[in-house]
Amino acid sequence: MICMVAAGVLPCVRIWSDKCSSKYGRRQPFILAGSLMISVAVTIIGFSVDIGYLLGDADEDHRNFKGT
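My aim in this report is to walk through the structure given alongside it, one point at a time. (Residues numbered from 1 in each chain as written. Predicted model: local features only at pLDDT ≥ 70, side-chain atom pairs only at ≥ 80, totals over all residues. Heavy atoms only, no water.)

1. Focus on the overall build of the protein
Item 1. Of regular secondary structure, the protein possesses 3 helices and 0 strands.
Item 2. Ordered by position in the sequence, the α and β elements of the protein form the string α-α-α.
Item 3. Looking at the protein as a whole, 3% of its 68 residues are labelled buried. (Helix = DSSP H or I, 4+ residues; strand = E, 2+ residues; numbered from the N terminus. Buried < 20%, exposed > 50% of the residue type's maximum accessible area, 1.4 Å probe, protein only.)

2. Some words on the side chain of Ser17
Item 1. Among the structural elements, Ser17 can be located in helix α1 (residues 2–19).
Item 2. Given a relative accessible area of 6%, Ser17 falls into the buried group.
Item 3. In contact with Ser17, not counting residues within four places along its chain, are Arg26, Arg27 and Phe30. (Contact = heavy atoms within 4.5 Å.)

3. Focus on the environment of Ile31
Item 1. Its place among the elements puts Ile31 in helix α2 (residues 28–46).
Item 2. For the pair Ile31 and Ser17, spaced 14 residues apart in sequence, the C-alpha separation works out to 10.0 Å.

4. Section: a nonpolar patch on the surface
Item 1. Where nonpolar side chains cluster on the molecular surface, the patch consists of Val40, Ile44, Phe47, Ile51 and Leu55 and spans about 500 Å² of accessible area.
Item 2. Note on placement: Val40 falls in helix α2.
Item 3. When its relative accessible area of 48% is taken as the criterion, Val40 is described as partly exposed. (Patch = residues over 30% accessible without salt bridge, like charges linked within 9 Å, V, L, I, M, F, W, Y side chains within 5 Å. Areas by Shrake-Rupley, 256 points an atom, 1.4 Å probe, with all protein chains shown as cover. Salt bridge = Lys/Arg side-chain N within 4 Å of Asp/Glu carboxyl O.)

Okay, here's the thing in structure tokens:
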């Protein structure tokens, strides 16, 4: 699934970055935006249990992972 999304998004980002005429260069604004999005995503993943609880997830031993 991720590969399918990346296959559609990456060519568009490459085209946008090639046409970018920022004072910081063509690639650096996209690298900065990507790093900020990844930082936010990793933070959200770290707090996913708490976010799920706040959004109404039932507390049925979700914190006690027993493996497969």
